[in-house]
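Structural features, examined
So you can see what is in the structure, the chains are spelled out below.
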Amino acid sequence: MVNQVEAMQTQLLEQQTKSGGAAVSAGDGRLSPEQQYRAGAYGLLASLLVRPPDQSMLDRVSGFTSVPQTDNDMTLAMSMLGLAATTCQPEAISDEYHELFIGLGRGELVPYGSWYLTGFLMERPLGRLRDDLATLGFQRDPDVHEPEDHVAALCEVMQLLISDALAHERQAHFFNAHMAGWLKRFFIDLSEARSAVFYRAVGRFGIAFIELETRYLAMQV
């Protein structure tokens, strides 16, 4: 993983520090380059899944086309995402986002953990997630009406756990308890969705990163 970090962290960090989210700066001395990469990747996914990207974000993501290619899925997925950002227009991506996640009554995909784990929204997995979020000190924003098990919210939580330098074991517990059981399936569905063009590339990036993250969090460090 370290060699991949050296190839990719600059582009991810540049995108994330300008994205307006809870970014991790490249100059954050608390974090190793590897941890900055992980936080940046989660932040990128959160930004792309919480709302459609504007042209400014697409311009930054298009920089992924310059990632040095190695023989692994992660660099290929980054290049494909960069190419999609270069060729797709914001208006078309906004329509695509609506078809995928909103729709008339329901989008093509339902980006919530409870749905993937039980087939229903607001089920027991959401209650367990809320308990863990409270233990970690996270409070629900009263202006946010989406359930906390939305894929973008979970990616943002992981970004914050990394940027706050929580212990590896606590990061692994949160990931395994609330994301490992369904997140890869969601990204596979996104990569194959009928309504997806730009978001197929987002799905492939998500698959590659979650596979990498699963291996990383299984390590003893």
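My aim in this report is to walk through the structure given alongside it, one point at a time. As the structure is a prediction and not an experimental result, all values here were calculated from the model.

Looking now at the packing of helix H4 (residues 73-87) against helix H11 (residues 198-218). Put simply, H4 and H11 touch, their axes get as near as 8 Å, and they point 160° apart. As summarised for this structure, H4 and H11 are arranged roughly antiparallel, according to the angle between their axes. Regarding H4 and H11, the two cross each other, and that crossing is left-handed. Of the residues in H11, those touching H4 at Asp73, Met74, Ala77, Met78, Met80, Leu81, Ala84 and Ala85 are Phe198, Ala201, Val202, Arg204, Phe205, Ala208, Phe209, Glu211 and Leu212. Tallied by class, the residues present in the contact of H4 with H11 amount to 14 nonpolar, no polar and three charged.

A separate point is the packing of helix H2 (residues 33-50) against H11. The interhelical angle for the contact between H2 and H11, taken along N-to-C directions, is 145°, at an axis separation of 11 Å. The two elements H2 and H11 cross, and the hand of that crossing is left-handed. Residues Glu34, Gln35, Tyr37, Arg38, Ala41, Tyr42, Leu44, Leu45, Leu48 and Leu49 of H2 pack against Phe198, Tyr199, Val202, Phe205, Gly206, Phe209, Leu212, Glu213, Tyr216 and Leu217 of H11. Grouping the amino acids of the contact of H2 with H11 by side-chain chemistry returns 15 nonpolar, two polar and three charged.

About the criteria used
Residues numbered from 1 in each chain as written. Predicted model: local features only at pLDDT ≥ 70, side-chain atom pairs only at ≥ 80, totals over all residues. Heavy atoms only, no water. Axes fitted to C-alpha atoms, helices over the stretch in contact; angles between N-to-C directions. Helix = DSSP H or I, 4+ residues; strand = E, 2+ residues; numbered from the N terminus. Parallel < 35°, antiparallel > 145°, perpendicular 65-115°, else oblique. Left-handed = near helix turned anticlockwise from the far one by under 90°. Contact = heavy atoms within 4.5 Å. Nonpolar A, V, L, I, M, F, W, Y, C, P; charged D, E, K, R; others polar.

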